[in-house]
Amino acid sequence: HPSWRILSGLLVVLLTALIIYLTTSEEFMVKSPLIKGNERLNSADIEASLLLQGTPIFMVDPYELKNLLETSFPELKDVSVDVAFPAKVSVSVSERQPVITWKYQDVAMWIDNEGVVFPARGDAETLLSISSDAAPPMIETGVKPVLLDPKNDETSAETEQKEKVVVKTMSVDRKVLNMAITLSKFVPANTTLIYNSTRGLGWLDTNGWNVYVGFDLDQLDQKMLVYQKMVDTLNKQGLHPQVI
């Protein structure tokens, strides 16, 4: 009749051996995540940011990985991460579709129709191009709560405090985006639009000068008529301005 002390000792040894096996066995080591849904973004870049190779499946936190991907790649949305035994990690994403290329200080950034800015990575169809002397004008669009594991039932003060933590979300001023899209319909195709932090929105005329219409498009039809009259007069007088 073995004593309880011997039995508990054997149990500790068995559990320790089990833990060592589960955390060191190749069977439970993540080798490469399954990534789907990405189009322009390289799967290798996503995998490299996750740093999962050789990680025991028990140490993989899908909510932490989701937050990591959304932070590292702002062009991703609807990110989901699933973990399954023995060592399977599946990542599903969808990519934002750029509508505008914003060029500033020799750097090209893409902007989608929600005003989200992200690096120009990969190939995209012909986009509306804006050359600017400043970064895109951003506005605060709301707050994003910290994502906690919904299966975590902790009610400690620390957990409650974490649930109150939020992150401000910023996006490009939709007024500027709408102005750019509207103005592009009044200028020749493939014309590069320009944005100046003090003069507003405009375009590079084929005659070689910059044209600015300001920070709103009120009475744009009248402005375009006046502009054409000005161009005709300047041409007749042989004048070549730099800015109108």
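Located above this text is the structure these notes cover.
Here the structure is a predicted model, which means the values were calculated and not measured.

## Digging into the environment of Asn207
By the element assignment, Asn207 lies in the loop between β13 (200–204) and β14 (210–214). Put simply, Asn207 and Val231 are 24 residues apart on the chain and 9.4 Å apart in space, counted from C-alpha to C-alpha. Among the polar contacts listed, one links the side chain of Asn207 to the side chain of Asp205, at a separation of 2.7 Å.

## Regarding the nonpolar core
Ile100, Trp102, Ile130, Ala180, Leu183, Leu193 and Trp203 are the most contacted members of the largest nonpolar core, which totals 25 residues. If you tally residues by element for this core, the top one is helix α5 (residues 174–184), at five residues. In contact with Leu193, other than residues within four places in its own chain, are Leu128, Ser129, Ile130, Ser131, Ala180, Leu183, Ser184, Val187, Gly202 and Trp203. Listed in part, the 18 residues of the second largest apolar core include Leu50, Phe73, Val81 and Val93.

## Some words on a nonpolar patch on the surface
Among the surface-exposed residues, Trp4, Ile6, Leu7 and Leu10 lie close enough to one another that they form a single nonpolar patch of about 480 Å² accessible area. Position of Leu7 among the secondary structure elements: in helix α1 (residues 4–24). Residue Leu7 is classed as partly exposed on the basis of its relative accessible area, which comes to 37%.

## Concerning the side chain of Thr101
Position of Thr101 relative to the elements: it lies in strand β6 (residues 98–104). Aside from chain neighbours lying at most four places away, what touches Thr101 is Ala108, Met109, Trp110, Leu127, Leu128, Ser129 and Ile130.

## Quick look at the side chain of Ser132
By secondary structure assignment, the location of Ser132 is in strand β9 (residues 128–132). On the basis of relative accessibility, which here comes to 11%, the residue Ser132 falls in the buried class. A polar contact is formed between the side chain of Ser132 and the backbone oxygen of Ala134, at a distance of 2.7 Å. Within the structure, Ser132 has its side chain in polar contact with the backbone oxygen of Tyr195 (distance 3.3 Å). Excluding its chain neighbours within four sequence positions, the residues that come into contact with Ser132 are Trp102, Lys103, Tyr104 and Tyr195.

## Comments concerning the sheet that holds strand β4 (residues 76–84)
The strand order β2-β5-β4 describes an open sheet built from three strands, whose pairing is mixed. Single-partner strands in this sheet number two, and they are β2 (34–36) and β4. Neighbour to neighbour, the strand axes of the sheet diverge by 15° on average, direction disregarded. Against the sheet, helix α3 (residues 62–72) makes contact with β4 and β5 (88–95), and its axis sits at roughly 155° relative to β4, the strand it touches most.

## Focus: the environment of Leu68
Along the chain, the position of Leu68 falls in helix α3. Since its relative accessible area comes to 31%, Leu68 is described here as partly exposed. As for Leu68 and Ser49, which are separated by 19 residues in sequence, their C-alpha atoms are 8.0 Å apart. Residues within four places of Leu68 in sequence aside, it is in contact with Ser49 and Leu50.

## Examining the packing of aromatic side chains
Scanning all chains against the criterion turns up six aromatic pairs. On the numbers, 6.4 Å between centres and 85° between planes, the contact of Tyr195 with Phe215 is edge-to-face. Of the two residues, Tyr195 sits in strand β12 (residues 193–196) while Phe215 sits in the loop between β14 and α6 (220–237), which places them 20 residues apart along the sequence. Take Tyr195: its relative accessible area is 11%, and that puts it in the buried class. Grouping aromatic residues by their ring pairs yields a cluster made of Phe28, Phe58 and Phe85.

## Some thoughts on the pattern of salt bridges
What the rule picks out here adds up to six salt bridges. Between Lys66 and Glu70 there is a salt bridge, with the nearest N and O atoms lying 3.0 Å from each other. Taken as a pair, Lys66 and Glu70 lie in helix α3 at a separation of four residues, close to a single helical turn. Taking the shortest distance from any N to any O, the salt bridge between Asp216 and Lys223 comes out at 3.8 Å. A cluster of three or more residues bridged by salt bridges with shared partners is formed by Arg96, Asp112 and Glu114.

Calculation criteria
- Residues numbered from 1 in each chain as written.
- Predicted model: local features only at pLDDT ≥ 70, side-chain atom pairs only at ≥ 80, totals over all residues.
- Heavy atoms only, no water.
- Helix = DSSP H or I, 4+ residues; strand = E, 2+ residues; numbered from the N terminus.
- Polar contact = N/O pair within 3.5 Å; in protein donor to acceptor, adjacent residues only side chain to side chain.
- Core = buried A, V, L, I, M, F, W, Y, C linked by side-chain atoms within 4.5 Å.
- Buried < 20%, exposed > 50% of the residue type's maximum accessible area, 1.4 Å probe, protein only.
- Contact = heavy atoms within 4.5 Å.
- Patch = residues over 30% accessible without salt bridge, like charges linked within 9 Å, V, L, I, M, F, W, Y side chains within 5 Å.
- Areas by Shrake-Rupley, 256 points an atom, 1.4 Å probe, with all protein chains shown as cover.
- Salt bridge = Lys/Arg side-chain N within 4 Å of Asp/Glu carboxyl O.
- Pairing = 2+ DSSP bridges.
- Axes fitted to C-alpha atoms, helices over the stretch in contact; angles between N-to-C directions.
- Phe/Tyr/Trp six-rings, centres within 6.5 Å; stacked < 30°, edge-to-face > 60°.

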